[in-house]
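Here are the chains, one letter per residue:
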Amino acid sequence: MKRDIVIDFDDTLVKSSEQIIRMLNEKYDINKSIEDLSDWSYRNIYHGITEDELSDMFASQDFFAGVKYNTGVVEFLKYAKDKYRIIVCSKGTKANLELKEIWCIAMFTALDLEGEFIGIEIGNVFDSTLDKSGCDFSNTLFAVDDNTNALMSINSPCKFLLKNYHDQYWNKVPENEDNLYVINDF
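Cut-off values and rules
Residues numbered from 1 in each chain as written. Predicted model: local features only at pLDDT ≥ 70, side-chain atom pairs only at ≥ 80, totals over all residues. Heavy atoms only, no water. 1 Å grid on protein atoms, 1.4 Å probe; cavity = no way out; pocket = protein on both sides within 12 Å on 5 of 7 lines; lining within 4 Å. Points joined across faces, edges and corners; volume = space filled by probe spheres on them. Helix = DSSP H or I, 4+ residues; strand = E, 2+ residues; numbered from the N terminus. Nonpolar A, V, L, I, M, F, W, Y, C, P; charged D, E, K, R; others polar. Phe/Tyr/Trp six-rings, centres within 6.5 Å; stacked < 30°, edge-to-face > 60°. Buried < 20%, exposed > 50% of the residue type's maximum accessible area, 1.4 Å probe, protein only. Lys NZ or Arg CZ within 6 Å of the ring centre and 35° of its normal. Pairing = 2+ DSSP bridges. Axes fitted to C-alpha atoms, helices over the stretch in contact; angles between N-to-C directions. Contact = heavy atoms within 4.5 Å.

Trainee: Now, about empty space enclosed by the protein: what can you tell me, with residues and values included?
Mentor: With the rule as written, the count across this model stands at one cavity of 30 Å³ or more. Lining of the largest cavity is provided by 26 residues; of these, Asp10, Trp40, Phe58, Val125 and Leu130 occupy positions nearest its centre. Looking at the lining of the largest cavity, the elements that each hand over two or more residues are helix H1 (16–28), helix H2 (51–58), strand E2 (84–92) and helix H5 (94–110). No other element matches the three residues that E2 contributes to the lining of the largest cavity. Looking at the lining of the largest cavity residue by residue, the classes come out as nine nonpolar, seven polar and 10 charged.

Next comes the structure, spelled out in structure tokens:
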């Protein structure tokens with residue numbers, strides 16, 4: 001019997017921030033990279049970005065057409081397909097979640113994975129709390145997320161904090177947490 005594992009979508013399964021930065025570079029003729037990102041709202045990438053604009057970007061066909069898998073994800077999923085059932089759990093606006101679900105179903109099919117998408121709707125794309133405690137993941141083997149608050153709200157018995165080779169305020173390692181492991185990629 002396969003065990004369930006939980007994987008976040010944005011900046012965990014895929015390189016969401018890199019895609020948003022590419023889109024902002026193109027739209028505003030700027031030259032920023034993921035190395036420049038230091039705030040959750042992308043205002044240090046382009047100071048004039050609004051919540052509505054960012055929400056529209058995350059829910060656009062351009063975003064989903066250009067977003068790339070995170071480092072090592074495809075190899076991990078190919079390894080995991082005979083061992084685990086993949087649950088992708090993500091927060092987003094209604095439009096964003098609809099497109100994430102379509103993307104994930106296509107991924108499950110393309111990689112021959114047994115999986116499920118769970119979307120949790122939020123209204124504010126600048127919300128960095130990303131609480132996922134409304135979902136019961138107590139029977140999962142482990143969870144992977146890039147946001148400490150989101151990860152700590154998941155009741156999976158084992159947790160992996162994905163830092164993507166960057167120390168940010170949203171991925172600070174909590175102290176005295178059992179069964180928490182820090183990784184930089186899959």
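Trainee: Tell me about the packing of aromatic side chains, and name the residues and values.
Mentor: Two aromatic rings are characterised by how far apart their centres lie and by the angle between their planes. Scanning all chains against the criterion turns up 14 aromatic pairs. Relative to Phe160, the ring of Phe142 has its centre 5.2 Å away and its plane inclined at 75 degrees; by these criteria the two rings are edge-to-face. Residue Phe142 is found in strand E4 (residues 142–145), and its partner Phe160 is found in strand E5 (residues 159–162); the two are separated by 18 residues along the sequence. Aromatic pair Tyr169 and Trp170: ring centres 5.0 Å apart, planes at 80 degrees, arrangement edge-to-face. The class for Trp170 is buried, based on a relative accessible area of 10%. An aromatic cluster of at least three residues, connected via ring pairs, comprises Phe9, Tyr42, Phe58, Phe63, Phe64, Tyr69 and Trp103. Over the aromatic face of Tyr79 sits the side chain of Lys83, whose NZ or CZ is 4.3 Å from the ring centroid.

Trainee: A description of the pairing of E2 should follow, citing residues and the corresponding values.
Mentor: Of all the nine residues making up E2, nine are buried; the element is thus mostly covered by neighbouring parts of the structure. For E2 and strand E3 (residues 115–121), the ladder comprises seven bridges, and the chain directions are parallel. When the bridges of E3 are listed, Ser90 appears paired with Gly119.

Trainee: Describe the sheet that holds strand E1 (residues 3–7), with residues and values.
Mentor: In space, the six strands of this open sheet follow the order E3-E2-E1-E4-E5-E6, with parallel pairing throughout. Whereas interior strands pair on both sides, the edge strands pair on one side only; in this sheet they are E3 and strand E6 (180–183). Pairwise comparison of adjacent strand axes, ignoring direction, gives a mean angle of 20 degrees for this sheet. Both E4 and E5 contribute to a ladder of three bridges, which runs parallel. Each residue of the ladder has a partner; that of Asp145, found in E5, is Leu161. Those strands touched by H5 are E2 and E3, and its axis lies near 160 degrees from that of E2.

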